[in-house]
Amino acid sequence: MPQHSPAAVIVLAAGAGTRMKSATPKVMHPIAGRSLLHHAISAAAGTGPEHLVVVLRHAREQVAEHLESISGSIDRSVLVADQDDVPGTGRAAECALTQLPEDIGGTVVVTYGDVPLLTTDTLLALVEHHESHTNAVTVLSANVANPTGYGRIVRDAQGGLERIVEEKDADDAVKRLTEINSGIYAFDARVLRSALAEVSTDNAQGEKYLTDVIGIARGAGSRVAALTTDDVWQVEGANDRVQLAQLGRELNRRIVEAHMRAGVTVVDPETTWIDADVVIAPDVTILPGVQLHGACDIAADAVIGPDSTLSDTEVGAGATISRTHGSLSVIGAGATVGPFAYLRPGTELGAQAKIGTFVETKNAQIGDGTKVPHLTYVGDATIGEQSNIGASSVFVNYDGVNKNRTTIGSYVKTGSDTMFIAPVTVGDGAYSGAGTVIREDVPAGALAITEGRQRNIEGWVEAKRPGTPAARAAQMAAGTADADPATDSAGPNRPGSSTDEADSAEKES
C-alpha cells in the first residue's frame, strides 16, 4: 500500500455530459483504449484507499455495468452511490458518504470521472501535502491562461486559501483571477461530513456546492490550503468531443514518450498511437503509421509497421509485421507477417513462420516455420510445422450452415490454387498439385491431384474470331499471314464464319 494512502476516494460520475451530444454517457467515452471513467478509477485505485466509491445518476444502469468490468480489470471492489434529485457536487459527495462507515476517519479524496490524465502520483502528493500540514481541506489548483468556466481560487493577503468562487457567482475582479479550482480535494473525513450538513443551495445555480465546505471549515478555525500543480493537463476535463480529442492526443503523446524513454524506437511519434495497456519491450522498433490497441504485448527486437494496426495481439521477439491489420492473435518469435495481411481473432502463428501478402487468417493455428506466402484464406484450420501453402489457396470452411475445420500436417507442400473443402485432413509430408480440390482426407506422403484432361481445339480463334488481332497473330505464328496484328481493326464475328467444331467449343466454354 502506498505511503499516505487515503481512507477513501470518491469519484464523481453522475453528470449527464450533454455537450458530448451522444447516446453514450460522457464518462464511457474512450481515449487510449480506456473509458474516461476507467482512467479516473485506475488513478484513484492506485492510491490504495480502503474504500473506493463512484457516484452515479445519468444513465445509471449503463455506467454501473461498465463499472463492473472496470472493477474486474483493477481487481478490487468499487462501491456505487446514487445521487438523488438535489444537484451539485456537494450533494454528490454527501451521497457517497452514505456508503462509508459513519465513524470513518483520515483523509477522503474527491475526484472526477472525466479527468483521464490525472495520475496516482498527483493524488498521493495531494494527500501527503494535506496530511503533513494537518489541513481540514486541501484543494488541487492550477494556473491557466484562459480560466473561463472554472471556479476561481481566491487567496488572502498572506497567500492562503480564502475561498473558491464559481464563475457564475463571480464578479469581474474574481473572473480576472487565473488560478482555478480543479475540483479535486483532500478532506478530513469528519470535517467533510459535518460541513456538508451545513451547505445550502442558496446560489445562482441552486446547487449544493462542495466548494462551500472550504468556507465552513475556515470559519470554524480549521486549516484550508491549495496545492498548485504545474501540469495543467492533469486537471483538464472532457466536456465535449473537441476536448476529448485534445486530451486523447496529449495522453497518447505521453504514452509514446514513456515507451521511447524505456528503450523503444518510435520513428514517427506523430503518427503512432499506443493504448494505455500496451506492453512494449526495449529494442522494439515502431515504424510510421502504427496503432497498437488494447492489451498488445510486443517482445524485444520486433519491428512493427509501417501502417499497421494491432489489437489485443501478442508479438514474439524479433517478429516483423508490415502493413497488417490484426486482432486477438499471437505471432511467434522471428515470424514475418505482411505486407497487406489480415489476421482475424484466433490466429496463432508459430516461430519463424510466415503470413505473406494478401493473406487472411481466422481461428487458425499455423506451426513453426510454416509459410502461407500469398493470396490465401486460412480459416478454421490447424497447420503443422514446416509446411508450405501454395498461392491462391482457400480453406473452404463454411458449408452454408456450419463452420468446419481443416487439419494439415507437418512438412506438407500444397500447390497453387488448392481448395481444402472442410472437414478434411492432409497427412504429414503430403503434396497436392496445382488446382487441386481436396474433398477427402489425404494420407501422409501422398500426392493429391484433381485430374481433368486438357482439350485443345485447333483453329478455334481463326474460326470464331476472324479478323481480330488474336486471329492475325495465330496466322502469323502458323506462317499463313504477314500482317501486324496491332494494325488489324476487324470488327465482331461475321455470321456463318464458324466451323461446326468451333461452334461446339464455344457452347462448351
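To be clear, the structure that these remarks concern was listed above.
Our subject in this report is the structure included herewith.

Conventions used here
Residues numbered from 1 in each chain as written. Predicted model: local features only at pLDDT ≥ 70, side-chain atom pairs only at ≥ 80, totals over all residues. Heavy atoms only, no water. Helix = DSSP H or I, 4+ residues; strand = E, 2+ residues; numbered from the N terminus. Rg over C-alpha atoms; globule rule 2.2 N^0.38 Å. Areas by Shrake-Rupley, 256 points an atom, 1.4 Å probe, with all protein chains shown as cover. Patch = residues over 30% accessible without salt bridge, like charges linked within 9 Å, V, L, I, M, F, W, Y side chains within 5 Å. Salt bridge = Lys/Arg side-chain N within 4 Å of Asp/Glu carboxyl O. Core = buried A, V, L, I, M, F, W, Y, C linked by side-chain atoms within 4.5 Å. Buried < 20%, exposed > 50% of the residue type's maximum accessible area, 1.4 Å probe, protein only. Contact = heavy atoms within 4.5 Å. Arc of directions from axis to C-beta. Axes fitted to C-alpha atoms, helices over the stretch in contact; angles between N-to-C directions. Parallel < 35°, antiparallel > 145°, perpendicular 65-115°, else oblique. Left-handed = near helix turned anticlockwise from the far one by under 90°. Nonpolar A, V, L, I, M, F, W, Y, C, P; charged D, E, K, R; others polar. Expected span 1.5 Å × (residues − 1). Phe/Tyr/Trp six-rings, centres within 6.5 Å; stacked < 30°, edge-to-face > 60°. Lys NZ or Arg CZ within 6 Å of the ring centre and 35° of its normal. Pairing = 2+ DSSP bridges.

Regarding its fold elements, the chain presents 11 helices and 37 strands. Against the compact-globule benchmark of 23 Å for 509 residues, the chain has a radius of gyration of 34 Å, which places it well outside the compact range. The principal-axis extents of the C-alpha atoms in the chain amount to approximately 115 × 55 × 45 Å. Roughly 23,700 Å² of accessible area belongs to the chain as shown, and the carbon and sulfur atoms make up 49% of that amount.

Attention now moves to a nonpolar patch on the surface. There is a patch of nonpolar side chains on the surface, built from Phe340, Phe358 and Leu375 and spanning about 320 Å² of accessible area. Tracing the backbone through its elements, the reader meets Phe358 in strand 27 (residues 354-366).

Let's shift gears to the nonpolar core. Most often, soluble globular proteins have nonpolar side chains that are buried together. Counting residues in hydrophobic clusters, the biggest one holds 70 residues, and the most contacted among them are Leu37, Val54, Val137, Leu210 and Val213. When neighbours within four sequence positions are excluded, Val137 is seen to be in contact with His130, Tyr185, Ala186, Phe187, Val213, Ile214, Ala217, Arg223, Val224 and Ala225.

Let us now look at helix 7 (residues 212-219). Of all the residues in helix 7, the buried ones are Val213, Ile214 and Ala217. Take helix 7 and look down its axis: the buried residues cluster within an arc of 100 degrees, on one side only. Trailing helix 7 by a residue or two, Gly221 shows a phi angle of about 90 degrees, which is positive.

Before going further, it helps to spend a moment on the packing of helix 3 (residues 89-97) against helix 6 (residues 189-196). With their axes 10 Å apart at the nearest point, helix 3 and helix 6 run at an angle of 120 degrees to one another. In terms of their interaxial angle, helix 3 and helix 6 are classed as oblique. By crossing handedness, the relation of helix 3 to helix 6 is classed as left-handed. Of helix 6, the residues touching helix 3 (which contributes Gly90, Ala93, Glu94 and Leu97) are Leu192, Arg193 and Leu196. For the contact of helix 3 with helix 6, the class distribution of residues is 4 nonpolar, 1 polar and 2 charged.

Here we take up the side chain of His130. Take His130: it is sitting in helix 4 (residues 120-132). The class for His130 is buried, based on a relative accessible area of 2%. Residues contacting His130, with those up to four places away along its chain left out, are Thr107, Asn135, Ala136, Val137, Thr138, Ala186, Phe187 and Asp188.

Taking 1.5 Å as the rise per residue, helix 2 (residues 60-74) with 15 residues should run 21 Å; its terminal C-alpha atoms sit 21 Å apart, in good agreement. Looking only at helix 2, the buried set comprises Val63, Ala64, His66, Leu67, Ile70 and Ser71. Buried positions in helix 2, seen along its axis, are confined to an arc of 165 degrees and lie on one side of it. Exposed and facing more than 90 degrees away from the buried side of helix 2 are Glu61, Glu65, Glu68 and Gly72. Each element contacted by the buried residues of helix 2 is listed here: strand 3 (34-35), helix 1 (36-45), strand 4 (51-56) and strand 5 (79-82). A positive phi of about 60 degrees marks Asp75, the residue just after helix 2.

This brings us to the packing of aromatic side chains. Applying the stated criterion to the full structure yields 3 aromatic pairs. Its end group placed over the ring of Tyr398, Lys403 keeps NZ or CZ at 5.6 Å from the ring centre.

Glancing now at the environment of Gly350. Residue position: Gly350 is located in the loop between strand 26 (348-349) and strand 27. The exposure class of Gly350 is buried, given its relative accessible area of 12%. Note: C-alpha distance between Gly350 and Thr134 (216 residues apart in sequence) is 59 Å. Excluding residues within four positions of it along the chain, Gly350 makes contact with Gly332, Ala335, Ile366, Gly367 and Asp368.

Okay, the pattern of salt bridges next. Counted by the stated rule, this structure contains 20 salt bridges. Glu167 is the partner of Arg152 in a salt bridge, and the nearest nitrogen-oxygen pair spans 2.8 Å. Here Arg152 is found in strand 8 (residues 152-155), whereas its partner Glu167 is found in the loop between strand 9 (161-165) and helix 5 (172-175), with 15 residues between them in sequence. For the pair formed by Arg152 and Glu167, the shared burial category is buried. Through salt bridges with shared partners, a single network forms among Asp231, Glu250, Arg253, Arg254, Glu257 and Arg261.

Moving on, we come to unusual backbone geometry. For the bond from Gly305 to Pro306, the omega torsion is 5 degrees, close enough to zero to count as cis. That bond from Gly338 to Pro339 is cis: its omega, 0 degrees, falls within 30 degrees of zero. With respect to the helices and strands, Pro339 occurs in the loop between strand 24 (336-337) and strand 25 (341-343). Here Thr134, not a glycine, exhibits a phi torsion of approximately 45 degrees, which is positive. Turning to its location among the elements, Thr134 is positioned in the loop between helix 4 and strand 7 (137-143).

Attention now goes to the pairing of strand 7. With 6 of 7 residues buried, strand 7 is to be regarded as a mostly interior element. Summarising the sheet, strand 7 and strand 10 (residues 179-188) pair through 6 bridges and their orientation is antiparallel. Opposite Val137, over in strand 10, you have Phe187 as the bridge partner. Note that strand 7 and strand 11 (residues 224-228) share 5 bridges and pair parallel. Note on strand 11: the bridge partner recorded for Thr138 is Ala225.

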